[in-house]
Amino acid sequence: QMRLSTLLLISTFLGACSSDSAPVFTDVNTAIDQADSAKSAGDTDLAKAGYEYARDNGDGDSRADALMGLFELGCAGADDDMAFANFETLASSHADKLTQGELKRMVDLCVTSATVETGDSIIDYAMQAFPEMKDDLTNPAAAIEKIRTEGPGADLSGLGYAGD
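Here we summarise the structure given alongside this text. Computed from a prediction, not measured in an experiment: that's the story for all the values here.

## What about the packing of aromatic side chains?
The description of an aromatic ring pair uses the distance of the two centres, along with the angle that the planes make with each other. Tallying each qualifying case throughout the model produces two aromatic pairs. Look at F87 and Y125: their rings are 5.6 Å apart centre to centre, the planes differ by 90 degrees, and that puts the pair in the edge-to-face class. Taken together, the residues span a long stretch of sequence, with F87 in helix α5 (residues 80-93) and Y125 in helix α7 (residues 116-129) at a distance of 38 residues. You can call F87 buried: its relative accessible area is 2%.

## Some words on the pattern of salt bridges
Throughout the structure, instances matching the rule amount to 10 salt bridges. Among the ionic pairs, K97 bridges to D61, the shortest N-O distance being 2.8 Å. Here the residue K97 occupies a position in the loop between α5 and α6 (100-113), and D61 occupies one in helix α4 (residues 60-76), the gap between them amounting to 36 residues. With relative accessibility at 49%, the residue D61 sits in the partly exposed group. The residue E117 makes a salt bridge to R148 at a minimum N-O spacing of 3.4 Å. Of the two residues, E117 sits in helix α7 while R148 sits in helix α8 (residues 134-150), which places them 31 residues apart along the sequence. The exposure class of E117 is partly exposed, given its relative accessible area of 45%. Take R148: its relative accessible area is 34%, and that puts it in the partly exposed class. Overlapping salt bridges, with partners in common, bring together K39, E72, E102 and R105 in one network.

Cut-off values and rules
- Residues numbered from 1 in each chain as written.
- Predicted model: local features only at pLDDT ≥ 70, side-chain atom pairs only at ≥ 80, totals over all residues.
- Heavy atoms only, no water.
- Phe/Tyr/Trp six-rings, centres within 6.5 Å; stacked < 30°, edge-to-face > 60°.
- Helix = DSSP H or I, 4+ residues; strand = E, 2+ residues; numbered from the N terminus.
- Buried < 20%, exposed > 50% of the residue type's maximum accessible area, 1.4 Å probe, protein only.
- Salt bridge = Lys/Arg side-chain N within 4 Å of Asp/Glu carboxyl O.

Fair warning: the whole summary comes from geometry, so function is off the table for now.
Below, the structure written as structure tokens:
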């Protein structure tokens, strides 16, 4: 119990600090750098604002980076819809960025954040794009199925995912 209230306190405090002045971004790369730092620090609002600025104003590469950042924020917040929407845009507009390694990393993020619908979609996409990934996706697929039946607290240690 204490941990939750401490987290709430901290996030309220951070929220109070950061809402004094809404971030104004003028440069796409700076926006992404600031969003990355904010994401690491747990400042979701600033991170989202930076990535959205870069998504809306960036060119191919920076736009893809921004979409990936928003996907990761979706996972971090266990927001399946947000993760899914940004994955969909990546898949339709930046498929070249979705390498086997990147898809595996994204699927693992979906497993650890229990964003199962997005995880399913990424597995389907990966299987079509890279049929040879089948073996790499067996455990994530089983983990997603387990989360779906047992809930986000499912024990996935037997599938290569460390417990909490």
